[in-house]
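# Architecture at a glance
Single-letter residue listing:
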Amino acid sequence: MPSLLGHGELRNSERELQQFQLRLGVAGVAMLVAFTILLARFVFLQVVQHDHYRSKAEDNRISIVPIPPNRGLITDRNGVVVARNYSGYTLEIFPRRVKSVEATIDELSELIEITPRDRARFKRLTVETRNPESLPIRTRLTDEEVAKFAANRFRYEGVEIKARLFRQYPFADVGSHVIGYMGRINKDDQQRLEDEGVDANYRGTDYIGKSGVEAKYERELHGTTGFEQVEIDAAGRGIRTLSRTPAVSGNNIVLTLDMRLQRVAENAFGERRGALVAIEPGTGAVLALVSKPGFDLNLFVDGPDPQYWADLNTNPDRPLNNRAIAGVYPPGSTFKPFMALAALEQGKRRYNSTINDPGYFIFGDRRFRDSKPGGHGVVDLHKSIVVSSDTYYYMLANDMGIDAIASFMGQLGLGSPTGIDLDGEARGVLPSPEWKMKRFKRPEQQKWYPGETISIGIGQGYNAYTPVQLANAMATVVANGKMYRPHVLSHTENPRTRERRAIEPELVAQVPLRKEYVEFIKRAMAGVTKEGTGQRAFAKAEYTSGGKTGTAQVIAMKQNEKYDEKKVDERHRDHSLYISFAPLDNPIIAMLVIVENGGFGARAAAPITRTVLDYYLVGKLPKELEEATPVDEFEDDKESD
Amino acid sequence: MELARLPVQRIAQRLVEGIDSTLLVIILALSMLGFAALFSASYDTPGRVLNQLVSLCIALTAMWLVAQLAPQTLMRFAVPAYVIGLVLLVAVALFGDVVNGARRWLHVGVTRFQPSEMMKLALPLMLAWYFHRRESSLRLRDFALAALLLIVPFGLIVRQPDLGTAALVGAVGFYVIFFAGLSWRVMGALAGLFVVALFPLWGMLHDYQRRRVLTLLDPTTDPLGAGYHIIQATIAVGSGGLSGKGWLNGTQAHLEFIPERHTDFIFAVFSEEFGLIGNLVLLTLYALLIGRGLMIAANAATLFARLMAGAVTLMFFTYAFVNMGMVSGILPVVGVPLPFLSYGGTALLTLFIGAGILMSVQRHRTLVQT
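Residues numbered from 1 in each chain as written. Chains lettered and ligands numbered in written order. Predicted model: local features only at pLDDT ≥ 70, side-chain atom pairs only at ≥ 80, totals over all residues.

### Quick notes on the overall build of chain A
Secondary structure assignment for chain A yields 24 helices and 23 strands. When burial is assessed residue by residue, chain A has 43% of its 641 residues classed as buried. Taking the intrachain contacts of chain A between residues at least 6 apart in sequence as the baseline, contacts between residues at least 24 apart amount to 76%. (Helix = DSSP H or I, 4+ residues; strand = E, 2+ residues; numbered from the N terminus. Buried ≥ 20, exposed ≤ 12 C-beta atoms within 10 Å, placed from the backbone. Contact = placed C-beta atoms within 7 Å.)

### Describing the overall build of chain B
In terms of helices and strands, chain B carries 14 helices and three strands. Put simply, chain B has 370 residues, and 50% of those count as buried. Contacts spanning at least 24 positions in sequence make up 72% of the contacts within chain B whose residues lie at least 6 apart.

### Remarks on the interface of chain B and chain A
The partner chain A presents 33 residues to the 34 residues of chain B that form the contact. Listed by contribution, the elements that provide at least two residues to the side of chain B that touches chain A are helix 7 (163–180), helix 10 (227–240), helix 11 (251–254), helix 12 (266–298) and helix 13 (303–327) of chain B. A per-element tally of the side of chain B that touches chain A places helix 12 of chain B first, with nine residues. The residue inventory of the side of chain B that touches chain A, partitioned by class, reads 19 nonpolar, 13 polar and two charged. (Nonpolar A, V, L, I, M, F, W, Y, C, P; charged D, E, K, R; others polar.)

### Regarding the environment of Ser291 of chain A
All names here are of chain A. Position of Ser291 among the secondary structure elements: in strand 12 (residues 286–292). Judged by local crowding, Ser291 falls into the buried class, with 28 C-beta atoms found within 10 Å. In contact with Ser291, not counting residues within four places along its chain, are His177, Ala275, Asn322, Arg323 and Ala324.

### Points about the sheet that holds strand 12 of chain A
All names here are of chain A. Read across the open sheet, the five strands follow the order 12-11-23-22-21; overall the sheet is antiparallel. Edge positions in the open sheet fall to strand 12 and strand 21 (546–552), since each of these has one partner strand only. Strand-to-strand twist of the sheet, defined as the mean angle between neighbouring strand axes without regard to direction, takes the value 5 degrees. Pairing of strand 22 (residues 575–582) with strand 23 (residues 589–595) involves seven bridges; the strand directions are antiparallel. Bridge assignment links Ser576 to a residue of strand 23, and that residue is Val595. (Pairing = 2+ DSSP bridges. Axes fitted to C-alpha atoms, helices over the stretch in contact; angles between N-to-C directions.)

### Observations concerning the environment of Phe361 of chain A
If you trace the backbone, Phe361 of chain A turns up in strand 14 (residues 360–363). When the C-alpha positions of Phe361 of chain A and Ile454 of chain A are compared, they lie 9.1 Å apart, and in sequence the two are 93 residues distant.

### Focus on unusual backbone geometry
Residues and elements named next belong to chain A. Along the chain, Lys292 connects to Pro293 via a cis peptide bond; the corresponding omega equals 0 degrees. Relative to the helices and strands, Pro293 resides in the loop between strand 12 and helix 11 (306–314). A cis amide bond, omega -15 degrees, links Ala582 with the succeeding residue Pro583. With respect to the helices and strands, Pro583 occurs in the loop between strand 22 and strand 23.

### Re the packing of helix 12 of chain B against helix 13 of chain B
Residues and elements named next belong to chain B. Where helix 12 contacts helix 13, the two axes come as close as 10 Å, and the packing angle between them is 165 degrees. In terms of axis orientation, helix 12 runs roughly antiparallel to helix 13. As for how helix 12 packs across helix 13, the hand of that crossing is left-handed. Contacts between helix 12 and helix 13 involve Phe267, Ala268, Tyr286, Leu289, Ile290, Gly293, Leu294, Ile296 and Ala297 from the former and Arg306, Ala309, Gly310, Val312, Thr313, Phe316, Phe317, Ala320, Asn323, Met324 and Val327 from the latter. Considered class by class, the residues forming the contact of helix 12 with helix 13 number 15 nonpolar, four polar and one charged. (Parallel < 35°, antiparallel > 145°, perpendicular 65-115°, else oblique. Left-handed = near helix turned anticlockwise from the far one by under 90°.)

### Remarks on the pairing of strand 11 (residues 274–279) of chain A
Looking down a regular strand, the side chains alternate between one sheet face and the other. Residues and elements named next belong to chain A. Across the six residues of strand 11, six count as buried, placing the element largely inside the fold. With burial as the criterion, each face of strand 11 is covered, one bearing Gly274, Leu276 and Ala278 and the other bearing Ala275, Val277 and Ile279. As paired elements, strand 11 and strand 12 share six bridges and run antiparallel to each other. Looking at the pairing, Ala278 lines up with Ala288 of strand 12. A loop of six residues connects strand 11 with strand 12, the two strands running antiparallel in sequence, and Gly282 in this loop sits at a positive phi of about 90 degrees. Two strands pair when backbone bridges link them, and strand 11 and strand 23 are joined in this way by six bridges, in the antiparallel orientation.

### Concerning the nonpolar core
Grouped together as the largest cluster of nonpolar side chains are 126 residues, with contacts concentrated most on Leu276, Val277, Ala471, Met474 and Val612 of chain A. Residue contributions to this core peak at eight residues, all from helix 20 (residues 467–478) of chain A. A domain-level breakdown of this core finds at least three residues from each of domain 1 (64–255) and domain 2 (259–491 + 508–626) of chain A. If we skip the residues at most four places from it in the chain, Val612 of chain A touches Leu261, Val264, Ala265, Ala268, Ala278 and Met591 of chain A. Leu24 of chain A together with Trp129, Ala146 and Val336 of chain B belong to the second largest nonpolar core, which has 118 residues in total. (Core = buried A, V, L, I, M, F, W, Y, C linked by C-beta atoms within 7 Å. Domains from an automatic or database assignment.)

### Re the packing of helix 13 of chain B against helix 14 (residues 345–363) of chain B
For any two helices packed against each other, one specifies the crossing angle of their axes together with the interaxial distance. All names here are of chain B. For the pair helix 13 and helix 14, the least separation of the axes is 9 Å and the interaxial angle reads 145 degrees. When you trace helix 13 past helix 14, the crossing you get is left-handed. On helix 14, the residues touching Ala305, Met308, Ala309, Val312, Met315 and Phe316 of helix 13 are Gly354, Ile357, Leu358 and Val361. In terms of residue class, the contact of helix 13 with helix 14 is built from nine nonpolar, one polar and no charged.

### Concerning the confidence of the model for chain B
Taken residue by residue, chain B gives an average pLDDT of 86. The fraction at 70 or more is 87%. Per-element mean pLDDT across chain B ranges from 60 in strand 3 (residues 111–113) of chain B up to 95 in helix 12 of chain B. (pLDDT = per-residue confidence, 0-100.)

### Focus: helix 3 (residues 47–68) of chain B
Residue and element names in this part refer to chain B. End to end, helix 3 covers 32 Å across 22 residues, agreeing with the expected 32 Å (1.5 Å per residue, within 8%). Residues of helix 3 that are buried: Gln52, Ala59, Met63, Val66 and Ala67. Buried residues of helix 3, seen end-on, are gathered within an arc of 90 degrees and therefore sit on one face of the element. Exposed residues on helix 3 whose side chains face more than 90 degrees from its buried face are Gly47, Leu50, Val54 and Cys57. On its buried face, helix 3 is in contact with helix 2 (21–41) and helix 14. (Expected span 1.5 Å × (residues − 1). Arc of directions from axis to C-beta.)

### Observations regarding helix 10 (residues 259–269) of chain A
All names here are of chain A. With ten of its eleven residues buried, helix 10 lies for the most part within the structure. For helix 10, every residue scored as buried is listed here: Met259, Arg260, Leu261, Gln262, Arg263, Val264, Ala265, Glu266, Ala268 and Phe269. Positive backbone phi, at 65 degrees, marks Gly270, one or two positions downstream of helix 10.

### Some points on the confidence of the model for chain A
Regions with low pLDDT carry predicted coordinates that are not meant to be interpreted in detail. Residues and elements named next belong to chain A. Of the residues in chain A, 91% reach a pLDDT of 70 or more, and the chain-wide mean stands at 85. When the criterion is pLDDT under 50, residues 556–566 qualifies, and its contacts beyond four places in sequence or with other chains add up to four contacts. This model gives residues 634–641 a pLDDT under 50, and the stretch forms 17 contacts once residues within four places in sequence are excluded.

### Comments concerning the pairing of strand 18 (residues 489–493) of chain A
All names here are of chain A. Along strand 18, four of the five residues are buried, which leaves the element largely enclosed by surrounding structure. Alignment of strand 18 against strand 19 (residues 500–502), held across three bridges, turns out to be antiparallel. Residue His491 lies in a different strand from strand 19, and its bridge partner there is Ala502.

In structure tokens, the structure reads:
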């Protein structure tokens, strides 16, 4: 090997070459190690953890898109639609996709009218909704607004127009407490749905029943959410639908209510506060259930704007309160027929037992006054009801004793919830020594004094019942003791198959009542309408009916309300009550009407009863309603969803 | 007929002259795998396959041209290439286009290119040339100067900022210095210094760079942000399993879950569809490529040739390792393509020129020694 290099240089060069090759070897080994690490990583990912990543890739690929079901309709017993769905456009902001919600709203307001009310409502929704995907800033867009936004949508990232189904209530505020309102699913609702394990069925659903039937029969109405398996890309865009499980519409709810009757009843109240409960004896079907004032259900659909909501909550008339089931009132003289029946059943009085009514009853050193200053003279059981003699019942109560009274009234369901299928029913107070024991803390308060029994006899004292309890007690009596659970649901109906599932009347108790005694009470109550306190209100009625007026003293307002000075006097006036049934033979309706601070029972409550019975028994409409939109317009409008 | 065949044969002979067939076969095999993956990744942009084909032709031509040159000729390019590269890097720093927050591109007439890419070969050329010149009297001072030659372009690229390219340029430069014989002790000291320097270096990093490093440690902290790339790529690789989902059947790739699926993340597409078996094939091909490169380096005639061959070989390795490492989630996400597979003309050109250099070294291995 000829070389130009010197000996030393050659050796040096050879050493360098050896060193270089050594380093190549080191590099080679290092690279081999590196590749081994990679290989190990591949084996780990692709063999050891393969299943994990395979399922992750599957999840990635398929997104489950919920298809919210159509909510069931609510109709009355005659098929009149009281709650339906209509589809409308909403303008929705996706908070996670916009930089600033405020700025976005400002920009939007340049294009589409956004009122301060809309903003306030949006703010409220933001606070109330947990982790919202999107929230509506405007609802019920006009076609013009939709077109306007569509043309400018590129300017608004994170804002979309959505077609949604909205609830609509053709009767607005009529029957509002029974039908109930809808609202957006808030944090509490969400929690409850999760607790019940049905939150998955509410994916894609924004609204839920908040009160009345909408809440009570939420499960029936809601339906089953469908699902669409959509193959999506990383940006979340759907590429194609893989499979589709259609939503199952919620069942329609048919109420026992007669909306025509309901409207007549509410109209009869006018602006007055009060409640009315009409029940069909022998079934427990609620024909009408009024609580005045009511509220417009439609105003809740988009989420009530804060002002309206505040008004409803601070209004001293408490419109949201369902007086018919949650209002607790002393029954006043409407209690007397039940007292009379108790006396007969327990053998304390006979038909012809008479007393002399001097206009007062003296017990110990206390004098209990009759509402008629001079008294009613000689009074027998029949007359005691017709003329409403207080003295008669002071004596009766004293003779019977509190335990006997409480036991009989308890059998009629007074002082315990009727079990009506609406939430928020109050219990009321059936006075008894036991009740007093539980109610009060201090020993001297816990004792029952015999004097306290006296005013119980005329429906005062601790007596406090809900309108539905009194109406149901009346229905029970005229049905010869058959007590049914009052209910507003008649049956459910599958919207597709039209298959109906009826709710069987539920006999709660058979109160042992002698038919003869019941007939006696009925006749006495019929006497009220002919020659007694209800005579004027029922003059020239084309049907027979029985009734009893009541006037309940308002001792103090129950709630810790601030007194409106101007209203103090008015609110201290007596409540006006009227309990009734009709017709005399085989009654088809039993009813209680209370007009708060309406004065004498005969003055306010009895005429309302007359109007309602006139319509229900002989189809007579009050003049102002004859010209109103006939409810038939809403009938069989089932295609609206 | 006989007459007609002769010139054809001669042309063919001239064409294959200087081409190392082993290397060529390996590279073309890798390219074929690249096309398979690219075709799958480009279902919605079919033009890319054609573009890549054109790039491949250009790159092959460049390789052929370089392979025809003797290493001595290549040496002549060293200084001008380095100086021009450095000037361009400065120009980029001053006038470059900003794309995605990084100033990397320079307009040259109608097109624009990344001078940093050029440095990947210009720097080792420069260093190898320098060491070759100082071969008989190498001292520590020479290594210090070499380090300076490395640090200036490296610093400029880091500043762009382009961590991936900077790492590659730095690595390739270091390989030359390493093969030139930098003492183990100095390397040990430098390694210690580097660890210490990590802390101030961390402070110099851009936010997105820090996030990339942090999310590498725990990608789940930012599943929709910086961790997204890593998570989705890992899912793609892992879901591929032993034999893969089959060509064109990768769901991760086809549903756009994999970002940069044509370029830096094409390995995710490949790995999802061909699985562990495919990965083994790929690793084997790279190992063969590197082995061939090391062989060529070992047999190289001159110091310059040795250094260049060694550096280019290790550059191939670095590309492959860093890319596969980042896609499979063991290295931070830096912009390093998968050699010979990723879409992109510039990277392909660099790689093929590198291969051309190897071929040139191989062809001229005996000229001086014999």
